[in-house]
Amino acid sequence: MSQLSLFEPCETVLVNDARGRIVYTPGFVSEYEADHWFRELRRVVEWKAERRVMYDRELDVPRLTARYRLDSSGEPMPPCLRAAAERVCLALQVPFTSVGLNLYRSGKDSVAPHNDHLHELERGQPIALLSLGATRRMTIRAKQPPRRAFHTDLERGSLFVMSYDTQVHYDHGIPKSDAPVGERISLAFRVRPSAPASAVRY
Ligand SMILES: O=C(O)CCC(=O)C(=O)O
C-alpha cells in the first residue's frame, strides 16, 4: 500500500441499492481548511433569517441561510467558497451549479426531515453536503418499508453525498440537539435544471 493511500479519506456507504446511494466521507478536507473556511464564511457571508410557510403557518426558518450560483461568473463569491466548490466538483466529477449555505447557531437550529424537490434538481445528479464547524447528527429515514433509518454524525471537513434517487425514497434532516453544541455551517451543492430557470430557486 502506498503511503498516500494511508491518508486517503475512508468512506462509509450507507445505502447502495435500487433506492439510491448515500456515502459519508469523513476528512474530505483537512481540519485546517475546514476551520479556516468556517471562520471566513461565518464572517463574510450575508446570512439571512428567512420565514417560510410550513404546516399552513408562516414560521421562522430555524437556521440562517445564503445561496450562490456557481455557474455565473459575474456573481461575487468568497474565495474559499469557490475553492470548496472546485474541490467537490472535481472529486465527484459533477458540475454543481448552486450552493446553499446553512448556519446552525446552536442546538436549537435544525432542518426538518425533508427531501429535495425533484423539479429543482437536474435529473440523475447527486446532492453533496460539506460540513464545517461543530458536528451535528444527520437523520435519514426511508419513506416506505423496509423502514430503515440512519443517524450519522457529520464531522467538520466531511462530505455527505446522496444520489438523486434517494430524494424519492428517503427524508433527511438535522434534528435539534439538547446537548450544548457549537456553530455549524453546511454547504449544500446541487445541479439545478437548466430550464426553466425562473422556476428554480438557486
Ligand atoms: O445541513 C445539512 O447538512 C443539511 C442541509 C439540508 O438538508 C438542505 O440544505 O436541504
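What you are looking at is a predicted structure, and each value in this text was computed from that prediction instead of being measured. (Residues numbered from 1 in each chain as written. Predicted model: local features only at pLDDT ≥ 70, side-chain atom pairs only at ≥ 80, totals over all residues. Heavy atoms only, no water.)

(A) Local environment of the overall build of the chain. Along the backbone of the chain there are four helices and twelve strands. A compact globule built from 202 residues would reach a C-alpha radius of gyration of about 17 Å, and the chain, at 17 Å, matches this within 12%. Structurally, the chain occupies a C-alpha span of about 55 × 45 × 40 Å along its principal axes. Expressed as a percentage of its 202 residues, the buried residues of the chain come to 46%. Long-range pairs, those at least 24 residues apart, make up 74% of the contacts in the chain between residues at least 6 apart in sequence. Summed over its atoms, the accessible surface of the chain is roughly 11000 Å², and 52% of this surface lies on carbon and sulfur atoms. Between the mean site of the 29 positive side-chain charges and the mean site of the 25 negative ones, the chain shows a separation of 4 Å. (Helix = DSSP H or I, 4+ residues; strand = E, 2+ residues; numbered from the N terminus. Rg over C-alpha atoms; globule rule 2.2 N^0.38 Å. Buried < 20%, exposed > 50% of the residue type's maximum accessible area, 1.4 Å probe, protein only. Contact = heavy atoms within 4.5 Å. Areas by Shrake-Rupley, 256 points an atom, 1.4 Å probe, with all protein chains shown as cover. Lys, Arg positive; Asp, Glu negative; His and termini not counted. Charge placed at Lys NZ, Arg CZ, Asp CG, Glu CD.)

(B) Examining the site of the ligand more closely. All residues adjacent to the ligand are N102, Y104, H114, D116, L129, L154, H172, I174, R184, S186 and R190. The contact in question runs from an oxygen atom of the ligand to an N or O atom on the side chain of R184, over 2.8 Å. The contact in question runs from an oxygen atom of the ligand to an N or O atom on the side chain of S186, over 2.7 Å. If the ligand stood free it would expose 290 Å²; the protein chains cover 94% of that surface. When contributions to the shell around the ligand are tallied by element, the ones reaching two or more residues are β5 (98-104), β11 (170-174) and β12 (184-190). Tallied by class, residues from the shell around the ligand come to four nonpolar, four polar and three charged. (Near = heavy atom within 4 Å. Polar contact = N/O pair within 3.5 Å; in protein donor to acceptor, adjacent residues only side chain to side chain. Nonpolar A, V, L, I, M, F, W, Y, C, P; charged D, E, K, R; others polar.)

(C) Highlighting the confidence of the model for the chain. A residue-level look at the chain finds 92% of positions with pLDDT of 70 or above and a mean pLDDT of 92. Low pLDDT (under 50) marks residues 1-5, which in the prediction has one contact with non-local residues, meaning those over four places away or in another chain. (pLDDT = per-residue confidence, 0-100.)

(D) Region of the structure containing the nonpolar core. If you look at the biggest cluster of nonpolar residues, it comprises 33 residues, and the most contacted ones within it are L41, F96, L101, L130, L187 and F189. Elements that contribute at least two residues to this core include exactly α2 (31-44), β4 (57-69), α3 (79-92), β5, β7 (127-133), β10 (159-162) and β12. For this core, the leading source of residues is α3, giving six residues. The residues contacting F96, other than those within four sequence positions of it, are L70, V88, C89, P126, A128, F189, R190 and V191. In terms of nonpolar packing, the next biggest core, distinct from the first, is built from 20 residues, I127, L154, F160 and M162 among them. (Core = buried A, V, L, I, M, F, W, Y, C linked by side-chain atoms within 4.5 Å.)

(E) Up close: the sheet that holds β11. Strand order in the open sheet made by the four strands is β6-β11-β8-β9, with antiparallel pairing throughout. On the outer flanks of this sheet lie β6 (111-114) and β9 (149-154), each paired with one strand and no other. Pairwise comparison of adjacent strand axes, ignoring direction, gives a mean angle of 15 degrees for this sheet. In terms of strand pairing, strand β8 (residues 136-142) meets β9 through six bridges, oriented antiparallel. In the sheet register, R137 faces β9, and the bridge partner there is D153. (Pairing = 2+ DSSP bridges. Axes fitted to C-alpha atoms, helices over the stretch in contact; angles between N-to-C directions.)

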